[in-house]
Structure formats: C-alpha cells, structure tokens
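# Architecture and fold: a report
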Protein chains: 2
Amino acid sequence: MKRTRPVKRRPKRPDPKRSEPEVVDPRSNDDDPVIQGILTAISQKRLKPGAKLGEDKLAAAFGTTRIHIRQALVHLASRKVVMQIPNRGAFVYRPSWEEAQDIFAARRLLETAAVSAAIDRLDKSGKAELKAHMEREARHDRNDRWASLSLTAEFHILVAKLAGNQVLLDMSRELMLRTSLAIATFEQPGEPDCSPDAHPDIGALILARDKAGAIHAMRHHIDDMERRIRPEEGKGEIDELTAIFKDIGARARAGG
Amino acid sequence: MKRTRPVKRRPKRPDPKRSEPEVVDPRSNDDDPVIQGILTAISQKRLKPGAKLGEDKLAAAFGTTRIHIRQALVHLASRKVVMQIPNRGAFVYRPSWEEAQDIFAARRLLETAAVSAAIDRLDKSGKAELKAHMEREARHDRNDRWASLSLTAEFHILVAKLAGNQVLLDMSRELMLRTSLAIATFEQPGEPDCSPDAHPDIGALILARDKAGAIHAMRHHIDDMERRIRPEEGKGEIDELTAIFKDIGARARAGG
DNA sequence: GGCCACAATAATGTTTACAAAATATGCATC
DNA sequence: GATGCATATTTTGTAAACATTATTGTGGCC
C-alpha cells in the first residue's frame, strides 16, 4: 500500500523478447557492455597490463553502478584478464614469462587443430567467409593500428569458428586475449604483433585444403609471434603498483 | 588522537578443512570455500544439472552473506559451471547435446597432447607420482562412489600436470568439470563414468614411454566415456525446473 | 469442471549508507 | 632538508533496506 511513485527506472539491459523461452545466450555475461568494453580495450591495447581499474572510474565511464562493475570485474578475473587484489582493487592482468610461454604453447595446440578441422569441414559458405575476410585484411589501412589489431585477431577467430567446435572456439578466444596481454607485457618497443603476410598464406593453404601446409604455416605464424617477445628482467614479475608508479613517475619527469 | 587500532575483523571466509581429497581444486584461483564447495559437489555429482542454487540457501549453508554468494555465482557462471537467468536465479549448468560433444572433442585434443608432453617430460618424480596414484586407484574401494569419482578425475589431472603447461592444465580442469555435467545430463542410468581398467593401461604406457600407444589409449578412453551418453530427447533441452520437478516426482512415487 | 485473472509470497536485483583499508598528504622532528 | 609518524582522503568491501520480478495459490467466470 505504500506504493511510492511508479517511477520507471531505465533498464540496465535491453529488454529481450520474453516470449521465446530459451533465447538466453549461454554466455549470459558476455553481452555486458562493461565486459565487452574492457575486453575490446585490452585487445586493442588501449589498456595496458597493470593498469588500475578503479570501480568508481569505470562506473562513471560506462554510466552504471559500482555493483555492476564489481560483477564484471569478478567475471574478468575468473578469465585471468583482470587481477583482483583484496582491498587494493582490480588491475589488468600481467602474465608471468612462464605463463606467456604456456599461452603460446596452448595456442599452437588449439589453432593447429582448428586449421585441420576447418579444412575437413570447409564448405562453400566457409570458403566465402574466409575469402571475404582475406579481402578485408588485404585492403585495410595498415596505419590504423586499432583496426589492424582487430582484423588480425578476427582471422584467428574465423579459423577457430570454421573448425566447428564452440568449446574450443571460446577457449581460443580466451587465449587470444591473454596473448594480447602477454605481448603487451613483454613486447619489444616498435615491433608489430603479427607478421602481416602470414594470414594470406595460411588462408590460401586452407582454401587449397593443403592440411599439412596450413598446419605448418599456422604453427610457424604462432612461433613468429612468440619470438617477438623477450623475458626482459622484471617485466612480468614486478608488482603492479610498482609498474604503475614507474609509469606515473616517468610521465611526471617528462612533463616537468 | 584517534589512533586507528589494527583491529582485525572477523574473516568472512572460514578456513576450508582439507579433510577430503580435493579432486577439484581448479585454479579457479579462489580459495573461496563457496566456489570450491560447489565445484566439489558437482564433480561428485551431489549437485545435478539444473539444480537451483538459491542465494539465501547457499548463504545459509556456507554461513556467509548473499553478496559473497553472488560473487561466487558470477565466477562460476563465467566458467560455464553455473547458468544465471536474469530475475530467476542461478542453476547448475546443463550443457546441450552439441556442447557435450564439443567438450569431449576438446578433451580428446588437450589430453592426447598432455599424454605426449607428459612422456616427453617424464622424470623420476613424475614417475613416482604416477605410480603412487595408480597404487591408490588400484586399492580404492569401488563401492564408494564419491571416492571413485574423485580418484578417476585425479588421474586425468595428474597427467595434465605432468605435461607441464599450467594454462592447458587449467583448461583441462575446466573441461573435466564440464564433462561431469555432460555425463550427469545425458548418462544412461546405472552406468559408471569411467571404465575402471583404462587408467592402469594408460599409466603403464606412459611409464613405458610408449607415446603412440599411450595417446591411442587415452583417445580410446575418452571415446569410451563419450559413448556412454545418449542424446535422449529433451534431456538437455527441457527447462531446468522441469527436470527438478521430474526428479522430485519420481522420488515421491517411489517413497509412497 | 476447466481456465483466466488477481493477489500473496518468495526470490532476485538494486540502491544507499557505512565501515575498513590503503594511499596520499602534511607536520613535526632529527 | 630528509625522514617518519599522524591525519585526511580516496577507494574498496560489507550490510541492510527497498524495489522489482517471478512463482504460487486462490477465487471468480465461462
């Protein structure tokens, strides 16, 4: 009876059609704009490993509440994209050197298997998708670093998709994110992430159904990516706060 | 002079007693007893797919608050162990038939690779660990279903550990959990999960460094597991509540 | 007698406020 | 002038109250 004003608050999530019973996406949290935003920012290297992810800042940036942010951070932490330290907050995950190597090894395993399965399952629509992507990648502006990063990631995702295993696709996606973090942590300055000529070669070999060749090319491509990082003392081991402090200190010195 | 005393607040997380063998200690990096408890309950099949995970019930069961429970559920949902439906709550995840097949395919890939790597890296301590586990598995009480399930899962985890890749180990752990859910969803009544004789064979082949044989045996073992499940109309598709109701109804009829 | 609508209840989701911890800042002291 | 301690501020963590939604039970209507 104490019904206050029936003020309708704006819904946090777009209202899905409730008429269909099982329209719920299995990965219910992955359509969350906060999670997607952070993942995109990381994959595009706008968020660097060790960067602080303050709850209030994120809430203001995404126009939502702290509770929502906290849920998103828990989700991302469980996927090892974010590291949560009690009473200190959340930071972009910074893999250790050993973990970086393990990530590349895992990608070698999953993606060579994906190439093989993709060739086995390749049909007309798959060929069309692959060709379309190769077109886009060939014609894209290589000076646009963000578009470049997105496109190169999309190639690997497309191959994993063509393999036809949703579980392995999700795992590959996770590994690609973590690869971004590994590269961002240990990359040599000024080096590109992917050799730009590798993807057309791999794509052509897949289209030609040259399984051994495509697997070899993919493995070589990942080896190339791994070769671009170096352990460089103290890069993955230092405390996150130390890294942040170092960065802030460097900027302060440069500024004055 | 209001000196802030270093008063230690009562810890929200009761210390988990490790009396039982922790089959599922995924690096679900949280030593959170709620997460560990739910994971253990699922791997031991005390929690069935589709079971409702009410926040108040869980909070009471674990002696903690709803906030804590909600965090744990978000974590588990991101691992696809729990399914969260907006405004309706959390349920133990129920994979579809296609997803179940993908899970087994992923395990084939990861675990055959693990066998290969384990043989390559096998050293004295690894051999000792493997032998010790095979001893335990040989002498365990096969009537104790929970211990049985724990031990058989531990064998696969041990092999993945011996492969020496922490990232792939974590993924394998996750896949094993999801295998439990897949089997629980689609299993034929009264069938055991693992053929009890497969593990000694695989272990012996690893100890003998027979790589081709061990890989073949592992693949065959996983094939066997997969063959034990059947699509059975409407088992993975029916609503969770329907499944619960069916189970309760069956027990009520049996009881009187 | 079956079906639909409405109200009661329980559960989830969200807001608000507050407490605790960590970091930053300022002051006193050496 | 540098260092260490104390305070202030910011940030994270927690709790309780409240609103919303789904479920269930009841009653009226066809």
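The shown structure was predicted, so the numbers you read here are calculated from the model rather than taken from an experiment.

## What about the overall build of chain A?
- Counting its regular elements, chain A contains 10 helices and 3 strands.
- The secondary structure elements of chain A, listed N-terminal to C-terminal, are α-β-α-α-β-β-α-α-α-α-α-α-α.
- Sorting the 256 residues of chain A into buried and exposed places 46% on the buried side.
- The contacts in chain A between residues at least 6 apart in sequence include a share of 75% that link residues at least 24 apart.
- Looking at chain A as shown, the accessible area adds up to about 14500 Å², and 54% of this sits on carbon and sulfur atoms.

## Things to note about the interface of chain B and chain A
- On the side of chain A, 31 residues touch chain B, which itself brings 30 residues to the contact.
- Roughly 2500 Å² is buried in total at the junction of chain B and chain A, and carbon and sulfur atoms are behind 61% of that figure.
- Among the residues of chain B in contact with chain A, L109, V167 and M171 of chain B are the three that bury the most area, contributing 20% of the side total.
- At the surface where chain B touches chain A, the tally comes to 2 salt bridges.

## As for the side chain of T112 of chain A
Residue and element names in this part refer to chain A.
- For T112, the location among the structural elements is in helix 4 (residues 97–121).
- Polar contacts involving the side chain of T112 include one to the main-chain carbonyl oxygen of L109, which spans 3.2 Å.
- With residues up to four places along the chain from it excluded, the contact list for T112 reads R107, I215, M218 and R219.

## A closer look at the relation of the copies chain B and chain A
- For the pair chain B and chain A, the best superposition has an RMSD of 0.1 Å and corresponds to a rotation of 180° with a translation of 0.0 Å parallel to the axis. Given the turn and translation reported, the copies of this chain are related as if by a two-fold rotation axis. Within chain B, H75 of chain B has its C-alpha nearest the rotation axis, a separation of 2.8 Å.
- When the interface residues of chain B are mapped onto chain A, 90% of them are again interface residues, pointing to one common binding face.

## Concerning the sheet that holds strand 2 (residues 82–85) of chain A
Residue and element names in this part refer to chain A.
- Strand order across the open sheet formed by 3 strands is 1-3-2, with antiparallel pairing between neighbours. The open sheet has two free edges, formed respectively by strand 1 (52–53) and strand 2, since each of these has just one partner strand.
- Here 4 bridges tie strand 2 to strand 3 (residues 89–92), and the two strands are oriented antiparallel to one another. Opposite M83, over in strand 3, you have F91 as the bridge partner.
- Packing against the sheet, helix 3 (residues 66–78) makes contact with strand 1, strand 2 and strand 3, and its axis sits at approximately 115° to strand 2.

## Topic: the confidence of the model for chain A
Residue and element names in this part refer to chain A.
- Predicted confidence across chain A gives a mean pLDDT of 81, with 76% of residues reaching 70 or more.
- Per-element averaging of pLDDT across chain A places helix 10 (residues 240–255) at the bottom with 39 and helix 4 at the top with 98.
- This stretch, residues 1–28, has a pLDDT under 50; its non-local contacts, to residues over four places away or in other chains, come to 15 contacts.

## Structural notes on the sheet that holds strand 3 (residues 89–92) of chain B
Residues and elements named next belong to chain B.
- Across the sheet, 3 strands lie side by side as 1-3-2; this open sheet has antiparallel pairing. Looking at strand neighbours, the two that pair on one side only are strand 1 (52–53) and strand 2 (82–85), the edges of this open sheet.
- As judged from the 2 bridges shared by strand 1 and strand 3, these two strands associate in the antiparallel manner. From the neighbouring strand, K52 faces strand 3, where its bridge partner is F91.

## Examining the packing of helix 6 (residues 145–162) of chain B against helix 7 (residues 166–186) of chain B
Residue and element names in this part refer to chain B.
- Following both chains from N to C, one finds helix 6 and helix 7 inclined at 160°, their axes separated by 9 Å at the closest point. The orientation of helix 6 relative to helix 7 falls into the category roughly antiparallel. Pair helix 6 / helix 7 crosses with right-handed handedness. Across from A153, H156, I157, A160 and K161 in helix 6, the residues of helix 7 making contact are L169, S172, R173 and M176.
- In terms of residue class, the contact of helix 6 with helix 7 is built from 5 nonpolar, 2 polar and 2 charged.

## With respect to the side chain of K45 of chain B
- With respect to the helices and strands, the residue K45 of chain B is situated in the loop between helix 1 (33–43) and strand 1.
- Polar contacts involving the side chain of K45 of chain B include one to the main-chain carbonyl oxygen of S180 of chain B, which spans 3.3 Å.

## Examining the packing of aromatic side chains
- For the structure on display, the rule yields 2 aromatic pairs over all chains.
- On the basis of an interplanar angle of 75° and a centroid distance of 5.2 Å, the ring pair of W97 of chain B and F186 of chain B is categorised as edge-to-face. You can see W97 of chain B sitting in helix 4 (residues 97–121) and its partner F186 of chain B sitting in helix 7, a full 89 residues away along the chain.
- Directly above the aromatic system of W146 of chain A lies the positively charged group of R46 of chain A, at a separation of 3.4 Å from the ring centroid.

## With respect to the environment of M134 of chain B
- Relative to the helices and strands, M134 of chain B is located in helix 5 (residues 124–139).
- Sequence-wise, M134 of chain B and P200 of chain B are 66 residues apart; in three dimensions their C-alpha atoms are separated by 6.4 Å.

## Side note on the pattern of salt bridges
- Following the criterion strictly, the structure yields 26 salt bridges over all chains and no others.
- The partner of R227 of chain A in a salt bridge is D224 of chain A, and the shortest N-O contact between them spans 2.7 Å. Placement of the pair is R227 of chain A and D224 of chain A together in helix 9 (residues 211–227), with a separation of 3 residues, close to one helical turn.
- One salt-bridge network, in which partners are shared between bridges, spans E99, E174 and R178 of chain A together with R79, E99, E174 and R178 of chain B.

## Re the packing of helix 5 of chain B against helix 8 (residues 198–207) of chain B
All names here are of chain B.
- Contact geometry of helix 5 with helix 8 gives a least axis separation of 11 Å together with a crossing angle of 160°. Looking at the two axes, helix 5 sits roughly antiparallel to helix 8. When the axes of helix 5 and helix 8 are compared, the crossing they make is left-handed. Across the interface between the two elements, K127, L130, K131, M134 and E137 from helix 5 touch H199, P200, G203, A204, I206 and L207 from helix 8.
- A class-by-class count of the residues in the contact of helix 5 with helix 8 yields 6 nonpolar, 2 polar and 3 charged.

Reading the values: rules and limits
Residues numbered from 1 in each chain as written. Chains lettered and ligands numbered in written order. Predicted model: local features only at pLDDT ≥ 70, side-chain atom pairs only at ≥ 80, totals over all residues. Heavy atoms only, no water. Helix = DSSP H or I, 4+ residues; strand = E, 2+ residues; numbered from the N terminus. Buried < 20%, exposed > 50% of the residue type's maximum accessible area, 1.4 Å probe, protein only. Contact = heavy atoms within 4.5 Å. Areas by Shrake-Rupley, 256 points an atom, 1.4 Å probe, with all protein chains shown as cover. Buried area = accessible area lost by both parts, 1.4 Å probe. Salt bridge = Lys/Arg side-chain N within 4 Å of Asp/Glu carboxyl O. Polar contact = N/O pair within 3.5 Å; in protein donor to acceptor, adjacent residues only side chain to side chain. Least-squares fit on C-alpha atoms with pLDDT ≥ 70 in both. Pairing = 2+ DSSP bridges. Axes fitted to C-alpha atoms, helices over the stretch in contact; angles between N-to-C directions. pLDDT = per-residue confidence, 0-100. Parallel < 35°, antiparallel > 145°, perpendicular 65-115°, else oblique. Left-handed = near helix turned anticlockwise from the far one by under 90°. Nonpolar A, V, L, I, M, F, W, Y, C, P; charged D, E, K, R; others polar. Phe/Tyr/Trp six-rings, centres within 6.5 Å; stacked < 30°, edge-to-face > 60°. Lys NZ or Arg CZ within 6 Å of the ring centre and 35° of its normal.

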